[in-house]
Amino acid sequence: MTIRSEILGCGSYLPERCVTNDELAKTVDTSDEWIRSRSGIGQRHIAAEGEYTSDLALNAAKRALEHAGIDASEIDLVICATTTPDNTFPSTATKVQHRLGMTNGAAFDVQAVCSGFVYGLAVADNFIKCGQAKTALLIGAETFSRILDWNDRSTCVLFGDGAGAVVMRARDEEESGAGGNGKGHNSGRGVLSTHIHSDGSNYDILYVDGGPSTTQTVGHVRMNGREVFRHAVTNLASIVDEALEANGLERSDIDWLVPHQANKRIIDSTARKLGMSEDRVVLTVEKHANTSAASIPLALDTAVKDGRIQRGDLVLLEAMGGGLTWGAGLVRW
Ligand code: ACO
């Protein structure tokens, strides 16, 4: 028996307030033209005063559970990927666990910034494959607006708030392959593989200049945009090849690319390397901006709910973020 993690359902949540580039340009020295041409971003959602990461996470989690058709009592693992937790501790995951009415299982946060969802996918998948969890709730949730320096136009225009979640369950591989679409041994539904990397030597090209142990303040995002761009293009190209090679798959086998939504130019570069046309790439950066760990599950949920991603499709998830961290996951939906 080989266990595979099947994704049973997904959900997402965006705060009500939406700020367009034009609205932002009233308080920040920028323009819609500059932001769109450099990043592809047109607007972002911003959490309301008193609305926390755990609130966004809870809403996304409830929607994912509903879509999966399961009750919170069936979950035995809650992972929240976030860089903007409500508090330094306890984890945002334990807050969500409590508010879902759960008293069993384990809950913890994963911190890999924009790669957080892919890191969380790897952790949840490994917990499930080794038998330590049966049904996992994986959330990516951020209130990045709270760690932005609104006087730094080179960073504050790029990010937004939001949350997305998936429900994953252990299933026997042969069973999950039933009804496969004839694409060989990788036709069984579920997570085919995950691949994660980090290199701390470049921590200072994207970081927050505060923290409990250093300044005892929360701090703000600092970024060398050009360097981040350069590393993103290289690392993402190598991680997608690593994921395909591990599964004996070709670039042409991918049905959907669901990338971290940092910047349209970075996404276009990865898609070009994969030889994928734009209509096979899920793009939400225009509407959501960069929501860090929430961006992949937000994009995934968008494309599942509008019917683009269908059962049996091969979906490639990839991300890079501060650390530097980067990773990919291949999922047969
Ligand atoms: N509005 C108007 N002008 C601006 C703005 C702004 N919001 N921000 C910077 N500028 C100006 C600069 O001051 C500079 O002016 P100058 O030439 O007079 O000095 C000019 O625009 C060019 O600035 P650069 O930083 O060189 O602009 P660049 O073309 O490199 O674009 C950007 C900047 C968009 C940040 C780009 O480097 C990038 O996309 N990097 C990737 C960063 C990223 O996506 N980070 C997300 C987190 S990491 C991740 O998720 C992968």
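Take the overall build of the chain next. When its secondary structure is counted, the chain shows eleven helices and 13 strands. For the chain, the C-alpha radius of gyration of 19 Å lies close to 20 Å, the compact-globule estimate for 333 residues. Dimensions along the principal axes, computed over C-alpha positions, put the chain at roughly 55 × 45 × 40 Å. Per-residue burial over the chain gives 57% buried out of 333 residues. For the chain, the share of sequence-separated contacts (at least 6 apart) that also reach a separation of at least 24 residues comes to 75%. Of the accessible surface of the chain, which amounts to about 13,800 Å², a share of 48% is contributed by carbon and sulfur atoms. Computing the positive centroid from 32 side-chain charges and the negative centroid from 43, the chain places the two 3 Å apart.

Looking now at the site of the ligand. Looking at the ligand, there are 23 residues lining it, with T30, R153, R226, H260 and N263 nearest. The separation between a nitrogen atom of the ligand and a polar side-chain atom of T30 is 2.7 Å. Within the backbone of G225, an N or O atom sits 2.9 Å from a nitrogen atom of the ligand. Protein chains shield 74% of the accessible area of the ligand, which is 1,000 Å² for the free molecule. Among the detected pockets, the ligand sits in the second largest pocket. Contributing elements (two or more residues each) for the shell around the ligand: α2 (32–39), α6 (153–156), α8 (225–246) and α9 (264–274). The biggest single contributor to the shell around the ligand is α8, with four residues. Considering only residue class, the shell around the ligand consists of twelve nonpolar, six polar and five charged.

The extent of an interface is frequently quoted as the accessible surface area lost upon association of the parts. If you check the domain split of the chain, you get domain 1 (3–174) and domain 2 (177–332). Domain 1 and domain 2 are separated by 14 Å when their C-alpha centres are compared. Contact residues are listed per partner, giving 59 residues for domain 1 and 56 residues for domain 2. Across the interface of domain 1 and domain 2, roughly 4,300 Å² is buried in total on both sides, 61% from carbon and sulfur atoms. The three residues of domain 1 that bury the most area against domain 2 are R4, C114 and V118, which together make up 15% of that side's buried surface.

Here we take up the side chain of H231. Position of H231 among the secondary structure elements: in helix α8. Those residues in contact with H231 that lie beyond four places of it in its chain are N202, I205, M320 and L324.

We now examine the side chain of D172. Assignment of secondary structure puts D172 in strand β7 (residues 161–172). Among buried Asp, Glu, Lys and Arg side chains, D172 stands out as unpaired, with R171 the closest opposite charge at 7.9 Å. Non-local contacts of D172, meaning those with residues more than four positions away in its chain, are made with M1, T2 and I3.

Taken in spatial order, the four strands make up an open sheet running β8-β13-β12-β11, and their pairing is mixed. Edge positions in the sheet fall to β8 (190–198) and β11 (256–259), since each has one partner strand and no second. Pairs of neighbouring strands in the sheet enclose a mean axial angle of 15 degrees, with direction left out of account. In this sheet, strand β13 (residues 325–332) lies alongside strand β12 (residues 314–321) in antiparallel orientation, the contact comprising eight bridges. When the sheet's bridge partners are listed, M320 is paired in β13 with W326.

By size, the foremost hydrophobic cluster in this structure holds 44 residues, and its most contacted members are L274, L316 and L330. Elements with a minimum of two residues in this core: α8, α9, β12 and β13. The element that contributes the greatest number of residues to this core is α8, accounting for seven residues. Counting residues domain by domain, this core receives three or more from each of domain 1 (3–174) and domain 2 (177–332). Look past the residues within four positions of L316 in its chain and what remains in contact with it is V240, A243, I254, W256, L257, V258, L274, A328, G329 and L330. V110, V282, A303 and V331 belong to the second-largest nonpolar core, a separate cluster that totals 33 residues.

What counts, and at which threshold
Residues numbered from 1 in each chain as written. Predicted model: local features only at pLDDT ≥ 70, side-chain atom pairs only at ≥ 80, totals over all residues. Heavy atoms only, no water. Helix = DSSP H or I, 4+ residues; strand = E, 2+ residues; numbered from the N terminus. Rg over C-alpha atoms; globule rule 2.2 N^0.38 Å. Buried < 20%, exposed > 50% of the residue type's maximum accessible area, 1.4 Å probe, protein only. Contact = heavy atoms within 4.5 Å. Areas by Shrake-Rupley, 256 points an atom, 1.4 Å probe, with all protein chains shown as cover. Lys, Arg positive; Asp, Glu negative; His and termini not counted. Charge placed at Lys NZ, Arg CZ, Asp CG, Glu CD. Near = heavy atom within 4 Å. Polar contact = N/O pair within 3.5 Å; in protein donor to acceptor, adjacent residues only side chain to side chain. 1 Å grid on protein atoms, 1.4 Å probe; cavity = no way out; pocket = protein on both sides within 12 Å on 5 of 7 lines; lining within 4 Å. Sits in = over half its atoms within 2 Å of the grid points. Nonpolar A, V, L, I, M, F, W, Y, C, P; charged D, E, K, R; others polar. Domains from an automatic or database assignment. Buried area = accessible area lost by both parts, 1.4 Å probe. Salt bridge = Lys/Arg side-chain N within 4 Å of Asp/Glu carboxyl O. Pairing = 2+ DSSP bridges. Axes fitted to C-alpha atoms, helices over the stretch in contact; angles between N-to-C directions. Core = buried A, V, L, I, M, F, W, Y, C linked by side-chain atoms within 4.5 Å.

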